[in-house]
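An overview of the molecular structure
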Amino acid sequence: MPVPALIIRDLRFSYPDASWALSVPHLQVEAGEHVLLVGGSGRGKSTLLQVVAGLRELGSGSVEVAGMRMDTLRGAARDEARGRSIGMIFQTFNLLHGFTALENVFAALMFSSMPAAEHEHRARTLLSTLGIADADADVDRLSVGQQQRVAVARALAARPALVLADEPTASLDPENTETAMDLIQSACRAEGAALLCTSHDPSMRARFARIESIDAMIAGGAR
Amino acid sequence: MSAKTLTDWQIVMRSLRARPLSTWITIGMVATSVALLLVLFGMRTAARGAFDRGSGNIHLLVSADPSPLVAVLNGIFYANAPSKPIAWSKYQSIRSAFPYQWAIPTQQGDSYRGSPTMATSTDFFSKFEPVAGEPWKLASGKFFERPFEIVLGAAAAKASGLRLGQEVFLTHGSGASREGSEPDEHAGHVHTEFPFKVVGVLEPTGSAHDRALFIDLESSWILHAFDRRERAGISGATTAADLEDDDRKITGILLRLPTRAGSDASAAMQQQFDTLRRDTAIVVAQPAQQIQKLFEIVSNVDGIFIGMAVVVLISSSLSTMLALYNSMAARTRQIAVLRVLGASQGRVFGLVLTESLVITMAGALSGIVLALLGGIAASAWLKASIGLVIDPTLDPRSTVIVLGGAVALGGIAGILPAWRAYQVPVADNLRPAA
């Protein structure tokens, strides 16, 4: 039985002085499973992804990614675990400007457990699969669509068990949203990675077999 | 050829190249301050070397100047003509009182177009070495052998343009009056009655002697005897036969004491120094000691210059810190992305610290090259223009100290920006820009 990509137990997180808190008694994402996390803007979807990625300290509970307790890790150990087990895709891609497409993928690989000798083959193959013909082009010279492909390639480069996609289509029109989601989901399937994707776009629901609502994970005052 | 992977070093270099103006200006500032420090250290060493040259293989210098330091400045560096003479009889009594290796009489006071003249014996060229271990060498001609022959120091020859066989007239006194001009009682007067024939030009020695012209003692005495006879209303030619005891005066004695074979030091130095000091009519100086004293006097000024250069180096480090610190504001997203990808806080701290060290190292190495090239150019110019020999190579110890200091300061300068990078809140910097 494959290890689940994500198990959250009794998670509680709140910002200082906030009147509400994230409260997740149990959330499990199986290996390779695609889950959509829905809810309106500002409801805490991004915060939950950041807590899962270990970028915010949870108040209580546990977060287990690919069998590894992220919440018990500290400092460099947590950073290393994130680099190896989690890929992240952002609404604005967050590529490294001034670097090539290839180097952006290398940036994810340099913190992974993959031997350096394999980096180039892995990065070029991934970029080629995702339709980037000129891997040595500066990302600033690529189209928005190509930049998104580079961002997806970077998220999958280290062969993570879990990909966290934070509103990846929020700034796209419906046509490009379809294209982008096709790309993200097909790439995750091809790599065997689980996907936890957030969106406030109702049209996304049709793409996912499993949908979770952030509203069910909020405790405390109304937001 | 494209990269096979990405390394921390490539990230550092890419980051520096992303803001070329700031990077190059900061490197330039570090380079300038390092070069300035090295040049000042080099000048101090070169000045010391230039002062050490000139006293050569002298153990003691006797004169009638007011102090030993003045005696050295006048007798070896031609600062001024000694004001008080020493009688020839005093020279003879000193020479006969101790078995010196040699005792060379010198007389200063005359000049040629502002260049000082030293009247001395032929021992000056055969026994005295202007730089220990480096005897006089002739560029052309020969040393003087008889009265009214003159030998030119390298710089004096270059400045005057005189050539072998030409005749010159010396000026009584150190003024700069020119041949053919009216006598100037303040500047001295030109002895047109006594032409001196240029018989030799010396190779440069890198010492003050290069600025001087050398004649034999008897010639100088005859000039003064002529003046005495003229004041007494005696006309006609003046020759050696007209010299009186009062004409036979000198202004200095260069002494070398007996030494053991292979050694420059003399066991009799202190005893003989004390013996000569008892004579209140003269002063006796150990040139090396007086040069050390001179450097102690000027060390405060020297220290101020070095201090200023250190301040400039610190300023350039502050510039490095500010340039990096200010760049952090534009790089928080990049740092946050690297953190998301798995970079630890320590690794990000190291990347920024490395940037500071790279800037400082590049600046320091450029500064060393700048100082070296400047030193070579300055050395060539000084040798060509005034015959001053200065070693253009950088003192390895000073270079290592300056390089180490610059890199240490660069490391310190990088700590604050690196700390800022260390503390970048990752989640807050991944949000879409407003």
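Quick caveat: nothing in here was measured; it's all calculated off a predicted structure. (Residues numbered from 1 in each chain as written. Chains lettered and ligands numbered in written order. Predicted model: local features only at pLDDT ≥ 70, side-chain atom pairs only at ≥ 80, totals over all residues.)

Some words on the domain arrangement of chain B
When cut into domains, chain B gives domain 1 (8–50 + 298–429) and domain 2 (60–285). Computed from C-alpha atoms alone, the centre-to-centre distance between domain 1 of chain B and domain 2 of chain B is 51 Å. (Domains from an automatic or database assignment.)

What about helix H9 (residues 287–341) of chain B?
Residues and elements named next belong to chain B. Taking 1.5 Å as the rise per residue, H9 with 55 residues should run 81 Å; its terminal C-alpha atoms sit only 70 Å apart, a clear shortfall. At Ala330, H9 is deflected by roughly 65°, the largest bend along its length. Gly342 occupies a position one or two residues after H9 and carries a positive phi of about 125°. (Helix = DSSP H or I, 4+ residues; strand = E, 2+ residues; numbered from the N terminus. Expected span 1.5 Å × (residues − 1). Bend = angle between axes of the 7 residues up to and from the residue.)

Some details on the sheet that holds strand S1 (residues 6–13) of chain A
What holds strands together in a sheet is hydrogen bonding between their backbones, with the strands either parallel or antiparallel. Residue and element names in this part refer to chain A. Read across the sheet, five strands follow the order S5-S4-S1-S2-S10 without closing on themselves; strand pairing throughout is antiparallel. Here the strands that pair on one side only, and so sit at the sheet edges, are strand S5 (68–69) and strand S10 (218–220). In this sheet, strand S2 (residues 20–29) lies alongside S1 in antiparallel orientation, the contact comprising seven bridges. By the bridge assignment for S2, Ile7 is matched with Gln28. Contacts between helix H1 (residues 45–52) and the sheet are confined to S1, S2 and strand S4 (60–65), with S1 contributing the most and set at about 115° to the helix. (Pairing = 2+ DSSP bridges. Contact = placed C-beta atoms within 7 Å. Axes fitted to C-alpha atoms, helices over the stretch in contact; angles between N-to-C directions.)

Notes on the interface of chain B and chain A
In many analyses, interface size is given as the accessible surface area lost on bringing the parts together. Opposite the 23 residues of chain B that make contact, chain A presents 31 residues. Taken together, the elements giving at least two residues each to the side of chain B that touches chain A come down to H9 and helix H10 (345–386) of chain B. Looking at the side of chain B that touches chain A, the element that brings in the most residues is H9 of chain B, giving seven residues. Classifying every residue of the side of chain B that touches chain A by side-chain character gives twelve nonpolar, seven polar and four charged. (Nonpolar A, V, L, I, M, F, W, Y, C, P; charged D, E, K, R; others polar.)

Comments concerning the nonpolar core
Within soluble globular proteins, side chains that are nonpolar tend to cluster in buried spots. With 114 residues, the main nonpolar core has Val105, Leu162, Val163 and Leu196 of chain A as its most contacted residues. The greatest single-element share of this core, amounting to twelve residues, is contributed by helix H2 (residues 20–52) of chain B. Those residues in contact with Val163 of chain A that sit more than four places away from it in its chain are Gly87, Ile89, Ala155, Leu156, Cys188, Ala193, Ala194 and Leu195 of chain A. Of all hydrophobic cores here, the second largest spans 60 residues; its members include Leu60, Leu61, Tyr91 and Ala154 of chain B. (Core = buried A, V, L, I, M, F, W, Y, C linked by C-beta atoms within 7 Å. Buried ≥ 20, exposed ≤ 12 C-beta atoms within 10 Å, placed from the backbone.)

Quick look at the sheet that holds strand S9 (residues 210–213) of chain A
Residue and element names in this part refer to chain A. Sheet architecture is open: five strands sit in the order S6-S7-S8-S3-S9, paired in parallel fashion. Here the strands that pair on one side only, and so sit at the sheet edges, are strand S6 (86–90) and S9. Put simply, the sheet's adjacent strands are angled 20° from each other on average, direction ignored. Relative to strand S8 (residues 194–199), strand S3 (residues 34–38) runs parallel, the two sharing five bridges. Directly across from Leu37, in S8, lies its bridge partner Thr198. Against the sheet, helix H5 (residues 144–157) makes contact with S6 and strand S7 (162–166), and its axis sits at roughly 165° relative to S6, the strand it touches most.

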